[in-house]
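# Structure at a glance
The residues making up each chain are set out below.
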Amino acid sequence: MLDVCLLGTAGMMPLPYRFLTSLMARYNGSSLMVDCGEATQIAVKKAGWSFHPIDIICFTHYHADHISGLPGLLLTMGNAERTEPLVLIGPKGLTRVVSALRVIAPELPFEVQCVEITEPEQVFCLHGYKITAFMVKHNVLCYGYTIEIERRGRFLVDQAVQLEIPKQYWSILQKGEDVEFGGNKYTPDMVMGQQRRGIKLTYCTDTRPADALVKHAAGSDLFICEGMYAEKEKLAKAKQYKHMTFYEAAQVAADADVQELWLTHFSPSLVRAEDYLPKVREIFPNTHLGKDGKMTVLNFEEG
């Protein structure tokens, strides 16, 4: 299962009742974060989650409301006696940006590894997560992220018995590793069924609707997407600043055939966002407002 927490939902500036943009997910003892706006570490504490297991932080882009909380978070993780390396993933320029921010957090008890995205689409497999970064349409270089937990097929016991593979090798094959004994080589595909459906989460902020977004969000269990503006008359403003309206995000969710949509990254001028949901749900019925601290658990399908 994948635990998901939407830490902050504000766009552009923090508000007394809404933190800046950040998402956190947990799987198998490891945590992953996407974006780290100002006061993200407070949002983590408020959610009751821990800094220590954070192994990966992905950045969509380098506007301040998406990365300004990084120095404080690094210092807090250091004060928590972390020693394991931390991987940061982001668009080109990540090393330069992080180096500048670390002027105020120069000494840490752990290594910070910067991995820059070099392609329009790029896949990273770390700590059990399959992370796909894909370029979207903002006024600066910006990426969305799909996070998948893949699920292997069932172990075919009858097949293993028929091949006379000793039981002590079964767990090795289940892990995807080859086995050699008695002069023969056995590979996982000989005893594993077809790969089963895993868990898929897609997260994207600061973009206009894009084919890449529909493509990578397709079939997601949960799609968390920006809805900077709810008022239909602000469509022109959304186009000018390369953002989306609630209605455009809902259409992307419908086109991608996702299970559920959470709207996030609201304009600070937006009040009573819930009043706009009935019209939005005419486009995509399973639409919900993202709220700070909103959590869910995504589970594997039975079988």
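Because the structure is predicted, anything quoted here is derived from the model rather than measured.

## Here's the deal with the sheet that holds strand S5 (residues 86-90)
The strands making up a sheet associate through hydrogen bonds between their backbones, and the pairing can be parallel or antiparallel. In spatial order, the strands read S6-S5-S4-S3-S2-S1-S16; together these seven strands make up an open sheet with mixed pairing. Because the sheet does not close on itself, it has two edges, and the strands there are strand S6 (112-116) and strand S16 (294-298). With direction set aside, neighbouring strand axes in the sheet form an average angle of 20°.

## Section: helix H1 (residues 40-47)
The set of residues buried in H1 consists of Thr-40, Ala-43, Val-44 and Ala-47. Projected down its long axis, H1 shows its buried positions confined to an angular sector of 105°, all on one face. Among the exposed residues of H1, those oriented more than 90 degrees off its buried face are Lys-45 and Lys-46. Trailing H1 by a residue or two, Gly-48 shows a phi angle of about 80°, which is positive.

## Concerning the pairing of strand S4 (residues 54-58)
In terms of burial, S4 is a largely internal element, five of the five residues being buried. Inspection of the sheet shows strand S3 (residues 30-34) paired to S4 by four bridges, in the parallel sense. By the bridge assignment for S4, Ser-31 is matched with Ile-54. Once the chain exits S3 it traverses H1 before rejoining the sheet at S4, and the crossover so formed is right-handed. The pairing of S4 with S5 spans three bridges and is classified as parallel. Following the sheet pairing, Ile-56 is matched in S5 by Val-87.

## Thoughts on the pattern of salt bridges
Oppositely charged side chains can pair when the atoms bearing their charge come close. Per the stated rule, a full pass over the model turns up 11 salt bridges. Two residues, Asp-55 and Arg-82, come together in a salt bridge whose shortest N-O distance is 3.2 Å. One end of the pair, Asp-55, is in strand S4; the other, Arg-82, is in the loop between helix H3 (70-79) and S5, and 27 residues separate them in sequence. Both residues of the pair, Asp-55 and Arg-82, belong to the buried class. Shared partners join several salt bridges into a network, and the residues in it are Arg-197, Asp-221 and Glu-301.

## What about the pairing of strand S2 (residues 22-27)?
Taking burial as the measure, the six residues of S2 include five buried ones, the bulk of the element. Bridge count for strand S1 (residues 2-8) against S2 is five bridges, and the pairing is antiparallel. Residue pairing for S2: Cys-5 is matched across the bridge by Met-24. As paired elements, S2 and S3 share five bridges and run antiparallel to each other.

## Here we look at the environment of Lys-46
On the secondary structure map, Lys-46 appears in helix H1. For Lys-46 and Pro-71, which are 25 residues apart along the polypeptide, the C-alpha to C-alpha distance reads 19 Å.

## A closer look at unusual backbone geometry
Backbone geometry at His-127 places phi at a positive 55°, although glycine is not the residue there. Relative to the helices and strands, His-127 resides in the loop between strand S7 (121-126) and strand S8 (129-135). Of the residues examined, His-127 reaches a relative accessible area of 44% and is grouped as partly exposed. Its identity is not glycine, yet Asp-257 carries a phi of approximately 55°, on the positive side. Of note, Asp-257 is situated in the loop between helix H9 (246-256) and strand S14 (261-264).

Thresholds applied
Residues numbered from 1 in each chain as written. Predicted model: local features only at pLDDT ≥ 70, side-chain atom pairs only at ≥ 80, totals over all residues. Heavy atoms only, no water. Pairing = 2+ DSSP bridges. Helix = DSSP H or I, 4+ residues; strand = E, 2+ residues; numbered from the N terminus. Axes fitted to C-alpha atoms, helices over the stretch in contact; angles between N-to-C directions. Buried < 20%, exposed > 50% of the residue type's maximum accessible area, 1.4 Å probe, protein only. Arc of directions from axis to C-beta. Right-handed = clockwise from strand over helix to strand, strands pointing away. Salt bridge = Lys/Arg side-chain N within 4 Å of Asp/Glu carboxyl O.

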